[in-house]
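Descriptive analysis of the structure
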Amino acid sequence: MNETVLEKLKILAESAKYDVSCASSGTTRSGKKGMVGSAAGWGICHSFAEDGRCISLLKIMLTNYCMYDCAYCINRRSNDLPRATLSVTELVNLTIEFYRRNYIEGLFLSSGVVRSPDYTMERLVRVVKDLRLIHRFNGYIHMKSIPGASQELVNEAGLYADRLSVNIEIPNEKSLQALAPEKDFKSVFTPMRYIQQGVLQSAEERKRFRHAPRFAPAGQSTQMIVGATADTDKDILRLSSALYQRPTMKRVYYSGFIPVNDYDNRLPVLKQPPLVRENRLYQADWLLRFYEFKVDEIVNDAYPELDLEVDPKLSWALRNPHMFPVDINKADYELLLRVPGIGVKSAKMIVVSRRYSRLGSEQLKKIGVVMKKAQYFITCHELAMRTVNELTPENVRHILTQKKGRKLDDRQLTIQFQDVL
């Protein structure tokens, strides 16, 4: 790698770091004879396979030049920042060289839009196609599909990439028009539909032909920016829920708005990204996907925003004390999932374990139940704790949110730092 390519790498890896939707791969690609790599420094991020293994990815853009002037984007056309473009050959060679040095196991590839969506998409497809066919690269590849790209290019990309994604960015089209007037929902949802059609068609073909090519085997994902507009958590989660109804949507990512363009008056003035809100949205997203909650149970017209002090599941439980206490030894699986402190694995283990004996607090601790929360919402053998209805939801909330002072060991040396003027 020459110095020119390394300089481009620094610029393009820095420009790619604001996209968080590479956090999970969700695919298995075992090693094959005659091929390089498997999904079994600069620009390196980490993802996770289905079996929990950590996968290092080269996270980079093909170019950070862009024809759009989106208010929230660091790479917007009007920004004065270092620009760079890698040729297809340079990016392919960079990926292979990183793999040979054991820096990475896969690639996360995105790009600014230059000339036209199809022109940019065609270059991205050439990168993943050359990696697969010429260099026999068998590692994980996540490629960003360009909004407005043609169906032919999206279909070709799905034959070589493990996952395709199209970022929605703003959860409301009116808000999107205000911050990115050159974009609309149609340009975003159309390639999403192409990806869905490709995945479903591929699944049907593989039922008839065992060796039919797989199309984007890890499905698709998207990302929404949190805090750049006045959209509520209710707006965001309702859109997420609608997206999860699609059979190929695997993940919706939430990215706390980072004020990289302070000079734009259309953007809110924030001292730091809304990271707590971002975390609560991920927790609510988990409830939608694995805990059988509906959106209106988590957020609704009466509670349009998530509670920042407590997690969404505990917030729901405190708003619905009539559902508790739950008898651990009798309640069905769906009801156990709604108890704060009980997760999916814990609920399954409770259902299996209580067939053989009545469960008490000690058994629940061994199973993995977080008794600090659960004790106020359950009854079981030998549990002598007042429940949420006896203590009132307000008192339970106070108990669980109060911050206890950290105890210091007298033997520990502490150094008092003072501000130096």
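In the block above lies the structure referred to throughout.
Note that the structure is a prediction, hence the values are computed from the model and not measured.

Quick look at the layout of surface pockets now. Here the second largest pocket is characterised by a volume of approximately 250 Å³. Taken together, the elements giving at least two residues each to the lining of the second largest pocket come down to helix H8 (275-290) and helix H10 (312-319). For the lining of the second largest pocket, the element with the most residues is H8, which contributes 4 residues. Counted by class, the lining of the second largest pocket contains 8 nonpolar, 2 polar and 3 charged residues.

By secondary structure assignment, the location of Lys 129 is in helix H3 (residues 117-133). The class of Lys 129 is partly exposed, set by a relative accessible area of 29%. Put simply, Lys 129 and Glu 156 are 27 residues apart on the chain and 8.7 Å apart in space, counted from C-alpha to C-alpha. Residues in contact with Lys 129, not counting those within four places in the same chain, are Ile 134, Glu 156 and Tyr 160.

Looking along a regular strand, one sees side chains alternate from face to face of the sheet. Buried residues dominate strand S7 (residues 249-256), accounting for 7 of its 8 residues. For strand S6 (residues 220-226) and S7, the ladder comprises 7 bridges, and the chain directions are parallel. Directly across from Val 226, in S7, lies its bridge partner Gly 256. In this fold, the crossover linking S6 to S7 by way of helix H7 (residues 233-244) has right-handed handedness.

Criteria and cut-off values
- Residues numbered from 1 in each chain as written.
- Predicted model: local features only at pLDDT ≥ 70, side-chain atom pairs only at ≥ 80, totals over all residues.
- Heavy atoms only, no water.
- 1 Å grid on protein atoms, 1.4 Å probe; cavity = no way out; pocket = protein on both sides within 12 Å on 5 of 7 lines; lining within 4 Å.
- Points joined across faces, edges and corners; volume = space filled by probe spheres on them.
- Helix = DSSP H or I, 4+ residues; strand = E, 2+ residues; numbered from the N terminus.
- Nonpolar A, V, L, I, M, F, W, Y, C, P; charged D, E, K, R; others polar.
- Buried < 20%, exposed > 50% of the residue type's maximum accessible area, 1.4 Å probe, protein only.
- Contact = heavy atoms within 4.5 Å.
- Pairing = 2+ DSSP bridges.
- Right-handed = clockwise from strand over helix to strand, strands pointing away.

That is the geometry; function is a separate question.
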